[in-house]
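If you want the building blocks of each chain, they are given just below.
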Amino acid sequence: LKVHIINGPNLNRLGKREPHVYGSETLDDLEKKVTAHADRLGAEVTFFQHSSEGAIIDTLHAAEEQADAVILNPAAFTHYSYAVRDACASISIPVVEVHLSNVHARESFRSVSVTAPVCRGQISGFGFEGYCMALDFLYREESK
Ligand code: DQA
């Protein structure tokens with residue numbers, strides 16, 4: 001199982017950014033934790049972090065040829081980017097949307113996801129664990 005894990009804007013600031021919301025661990029810590037989990041499953045993960053919409057879209061398109069599935073945290077683009085939504089819809093591999101925080105327990109604009117309807121599903125509120133949960137799901141789906 002090959003999975004591209006794409007993190008959107010401001011997620012490179014993890015650890016420094018609003019630690020009361022996102023915790024004190026960094027993106028590097030996230031990648032280490034998820035890689036360790038992937039190793040246990042025997043899955044291969046490749047990480048991307050892009051702050052621009054276009055780069056996220058290009059990485060989604062390329063994933064169709066390079067991976068079996070995508071785990072995507074579109075960050076703020078979740079709430080308004082029809083372009084990221086259309087990119088998710090344009091590829092034939094499953095995309096699982098993940099959020100560190102519980103987007104439904106925050107400002108009302110965050111409870112709207114324009115991307116989730118074209119994703120396989122959404123995981124929100126479980127911190128780094130959410131990425132591991134998404135991997136578990138994709139692994140089980142693949143071995144069905
Ligand atoms: C986020 C939630 C978004 O609302 C926010 O814009 C982010 C991070 C999360 O992982 O909780 O940048 O996607």
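Residues numbered from 1 in each chain as written. Predicted model: local features only at pLDDT ≥ 70, side-chain atom pairs only at ≥ 80, totals over all residues.

Undergrad: Explanation requested: helix α5 (residues 129-142) in the structure shown.
TA: For an α-helix the count is 3.6 residues per turn, leaving residues at separations of three or four pointing the same way. With 14 residues, α5 extends 20 Å between its outermost C-alpha atoms, agreeing within 8% with the 20 Å of an ideal straight helix rising 1.5 Å per residue. Listing the buried residues of α5 in full gives Gly130, Tyr131, Cys132, Ala134, Leu135 and Leu138. Residues of α5 that are buried make contact with β1 (2-7), α2 (27-41), β3 (69-73), β4 (95-99) and β5 (121-124). (Helix = DSSP H or I, 4+ residues; strand = E, 2+ residues; numbered from the N terminus. Expected span 1.5 Å × (residues − 1). Buried ≥ 20, exposed ≤ 12 C-beta atoms within 10 Å, placed from the backbone. Contact = placed C-beta atoms within 7 Å.)

Undergrad: Even after reading the chapter, I still don't get the UniProt feature "site: Transition state stabilizer" (unreviewed entry) in the protein chain, so can you show me in this structure?
TA: Per the UniProt record, "site: Transition state stabilizer" (unreviewed entry) is found at Arg17. Within the secondary structure, Arg17 is located in the loop between β1 and α1 (19-22). The exposure class of Arg17 is partly exposed, given the 14 C-beta atoms found within 10 Å. For Arg17, the residues in contact, after removing those within four places along its chain, are Asn10 and Tyr22. (UniProt positions renumbered as here; feature names shortened; annotations may be inferred.)

Undergrad: What is the right way to read the environment of Ala134 from this model?
TA: Mapped onto the secondary structure, Ala134 falls in helix α5. Ala134 sits 111 residues away from Gly23 along the chain, and the two C-alpha atoms are 20 Å apart. Contact partners of Ala134, with chain neighbours within four places excluded, come to Ile71, Val96, Val98 and Ile123.

Undergrad: In this structure, what is going on with α2? I would like to understand it.
TA: For α2, which comprises 15 residues, the first-to-last C-alpha distance of 21 Å matches the rise-based estimate of 21 Å (1.5 Å per residue) to within 8%. Lining the buried residues of α2 we find β1, β2 (44-49) and α5. Note on α2: the residue one or two positions beyond its end, Gly42, has a positive phi of about 80°.

Undergrad: Could you clarify how one ought to interpret the sheet that holds β4 in this entry?
TA: Hydrogen bonds between backbone groups are what pair the strands of a sheet, and the pairing can be parallel or antiparallel. Reading across the sheet, the five strands line up as β2-β1-β3-β4-β5 and stay open at both edges, with parallel pairing between neighbours. Strands at the two margins of the open sheet, each flanked by one partner only, are β2 and β5. Each neighbouring strand pair of the sheet contributes to a mean axis angle of 20°, computed without reference to strand direction. In this structure, β3 lies alongside β4, joined through three bridges in parallel fashion. Residue Leu72 lies in a different strand from β4, and its bridge partner there is Glu97. Contacting β1, β2 and β3, helix α3 (residues 53-66) crosses the sheet at an angle of about 175° to β1. Contacting β1, β3, β4 and β5, α5 runs over the sheet at an angle of about 160° to β4. (Pairing = 2+ DSSP bridges. Axes fitted to C-alpha atoms, helices over the stretch in contact; angles between N-to-C directions.)

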